[in-house]
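A structural walkthrough
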Amino acid sequence: SRDLERWTPPTIPAYLESLQRESVDNDCECSTRMHGGNSCPGNFCVNEESFDPERYIHTIRFGEVIERALENAGAHPYHQHVYPFQITDNVDNDRSITSQQKAYFKEGDWHDVLMIDDLDDDLIVRYKPDVYDGRIMLHCHRLNHEDRGMMAQEHIIRNGRCDCNAQSVSLPVDPSQEASRTTPSGFGNNNDEDSSSDEDSSDEDSSNEEAANAPIGSGFIGCVSGQTTVDVKGKESAVAMEDVKIGDYVRVGEKLEYSRVYSFGHYNTAETLTYLRIHFEEGGKPLEITGNHMLFASEAAAVPASNIQVGDTLVGDRI
């Protein structure tokens with residue numbers, strides 16, 4: 001046998017560009033501990049807790065360089081979904097692993113799943129979430145450990161900040177842990193131009209077709225206008241979407257249940273959109289929504305708003 005010839009790819013994919021020399025915000029440097037034992041009796045845990053679908057262990061700002069100190073990566077194969085991660089520290093100088101291991105596991109290498117037998121130090125890795133936001137799963141890749149609780153979620157948000165403290169998906173949290181409560185500049189607010197259209201029910205078919213086929217701009221998918229109102233916990237009257245802030249609790253569903261606002265997934269003041277304006281039998285402010293946004297009609301699955309007809313019922317309100 002002989003050693004393989006060294007090979008270097010002609011180009012490096014953007015998602016594998018080195019993060020070793022990138023700066024990292026202190027709030028984006030968090031620890032992820034995989035463990036069992038007395039602090040997690042009968043189960044396997046991540047950061048002192050077995051998996052809870054209503055909990056995520058870290059908040060991540062979209063586009064930031066994220067650094068993780070992986071504890072017990074010498075005993076548990078760490079795996080995270082969506083984004084690969086790069087080894088950046090604590091391999092070359094660790095005295096607990098062999099020279100053969102150091103020859104294979106190099107700082108600067110990218111991995112999807114990683115365990116280095118007998119590694120004593122926390123393994124330092126980085127990744128950059130700049131394609132998808134939302135929740136990502138992470139877990140021990142020994143399935144009997146994962147199935148007994150050694151998995152967790154991280155939450156990537158478009159606005160707000162990184163936060164290493166675990167938070168609930170829907171329950172109140174310590175105000176000191178909340179992300180910035182400032183609304184992103186220009187969110188849904190364009191006082192110089194009203195791009196909504198009040199549709200006449202007599203021309204509903206043609207109006208719906210126009211709304212469904214309206215240009216949405218360069219890949220931007222619109223939902224509701226900034227003038228659409230929602231119920232916010234602690235407010236006596238309905239609040240316009242353009243006035244909702246990160247940290248507010250917005251009513252969801254028919255019951256008095258509220259969910260905390262962690263980010264604004266998409267907003268854009270550079271596009272002119274056509275909205276359907278849906279009026280309800282019981283009165284109140286109409287719903288302004290794009291024709292391709294999905295709504296739940298009675299006795300049906302979610303359908304595009306452009307398919308809704310006068311007389312349909314949406315979540316208890318008759319049109």
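In this text the structure is predicted, and so the values were computed from the model without any measurement.

Here we look at the sheet that holds strand β4 (residues 58-61)
- Pairing is mixed across the open sheet formed by five strands, whose spatial order is β4-β12-β11-β6-β9. With one partner strand each, in any of the chains shown, β4 and β9 (113-114) form the two edges of the open sheet.

Digging into the state of the cysteines
- Per the counting criterion, the structure on display carries three disulfides.
- With a sulfur-sulfur separation of 2.1 Å, C28 is cross-linked through a disulfide to C162. Taking the torsion about the sulfur-sulfur bond, which here is approximately 80°, the covalent link between C28 and C162 counts as right-handed. Placement of C28 in the segment before β1 (29-35) and of C162 in the loop between β12 (151-157) and β13 (167-168) is noted, with a sequence separation of 134 residues between them. Considered together, C28 and C162 belong to a single accessibility category, that of buried residues.
- Two residues share a disulfide in this structure: C30 and C164, whose sulfurs sit 2.0 Å from each other. In this structure, the disulfide formed by C30 and C164 twists by about -85° around the S-S bond and is classed as left-handed. With C30 in strand β1 and C164 in the loop between β12 and β13, the pair connects residues that are 134 residues apart, well separated along the chain.
- Among the residues examined, C30 registers a relative accessible area of 5% and is labelled buried.

What about the pattern of salt bridges?
- Applying the stated criterion across every chain, the model contains eight salt bridges.
- Taking the shortest distance from any N to any O, the salt bridge between E71 and R33 comes out at 3.2 Å. Taken together, the residues span a long stretch of sequence, with E71 in strand β5 (residues 66-71) and R33 in strand β1 at a distance of 38 residues.
- Residue classification places R33 among the partly exposed positions, given a relative accessible area of 24%.
- Of the charged contacts, one joins R251 and D231 as a salt bridge, the two residues approaching to 3.5 Å between their closest N and O atoms. Separated by 20 residues along the polypeptide, R251 in strand β16 (residues 249-252) and D231 in the loop between β14 (229-230) and β15 (239-240) bring together distant segments of the chain.
- Three or more residues joined by partner-sharing salt bridges are found here, namely R33, E48 and E71.

Observations regarding the confidence of the model for the chain
- Model confidence for the chain is summarised by a mean pLDDT of 77, while 76% of its residues fall at 70 or above.
- Highest mean pLDDT in the chain belongs to strand β6 (residues 78-80) (96); lowest belongs to helix α3 (residues 204-212) (38).
- Segment residues 170-218 is flagged for pLDDT under 50; beyond a separation of four residues in sequence, or across chains, it makes 96 contacts in the model.

What to know about a negative patch on the surface
- Taken together, the side chains of D89, D92, D117, D118, D120 and D121 define an acidic patch exposed on the protein surface.
- Relative to the helices and strands, D92 resides in the loop between β7 (85-89) and α1 (99-104).
- The class of D92 is partly exposed, set by a relative accessible area of 41%.

Digging into the nonpolar core
- In this structure, V91, L114, I116, L123 and Y127 are the most contacted members of the largest nonpolar core, which totals 33 residues.
- Of all elements in the fold, only β5, β7, β10 (123-127), β11 (134-140) and β12 reach the threshold of two or more residues within this core.
- Excluding its chain neighbours within four sequence positions, the residues that come into contact with V91 are I97, K102, F105, E107, I116 and L123.
- In this structure, L276, I278, A297 and A305 belong to the second largest nonpolar core, which totals 10 residues.

Calculation rules
- Along each chain, numbering runs from 1 in the same order as the chain's sequence is written.
- In keeping with the model being predicted, local features are shown solely for residues with a pLDDT of at least 70 and side-chain atom pairs are shown and tallied solely at 80 or more, while totals for entire chains, interfaces and linings include all residues.
- In computing side-chain properties, one takes all heavy atoms of the structure into account and sets aside hydrogens as well as water.
- If DSSP finds at least two bridges between two strands, the strands pair.
- By the criteria applied, helices consist of DSSP H or I runs no shorter than four residues and strands consist of E runs no shorter than two, each listed in order from the N terminus.
- Counting rule for disulfides: a pair of cysteine sulfur atoms within 2.5 Å.
- We call a residue buried when its accessible area falls under 20% of the maximum for its residue type, exposed when it is over 50%, and partly exposed in between, using a 1.4 Å probe and counting protein chains only.
- A carboxyl oxygen of Asp or Glu within 4 Å of a side-chain nitrogen of Lys or Arg is what we treat as a salt bridge.
- Each residue carries a pLDDT score, the predictor's own confidence in it, on a scale running from 0 to 100.
- Only heavy atoms matter for contacts: two residues are in contact if any of them lie within 4.5 Å across the pair.
- Patch members must show over 30% relative accessible area and no salt bridge, and they are joined within 9 Å when carrying like charges or within 5 Å when they are nonpolar side chains of Val, Leu, Ile, Met, Phe, Trp or Tyr.
- For the accessible areas, the method is Shrake-Rupley and the probe is 1.4 Å, while residue cover comes only from the protein chains on display.
- For the purpose of counting charges, residues Lys and Arg are taken to be positive, whereas Asp and Glu are taken to be negative. His and the chain ends are not included.
- Here the site of a charge means NZ on Lys, CZ on Arg, CG on Asp, or CD on Glu.
- Only buried residues count toward a nonpolar core, which is a set of Ala, Val, Leu, Ile, Met, Phe, Trp, Tyr and Cys residues joined through side-chain atoms within 4.5 Å.

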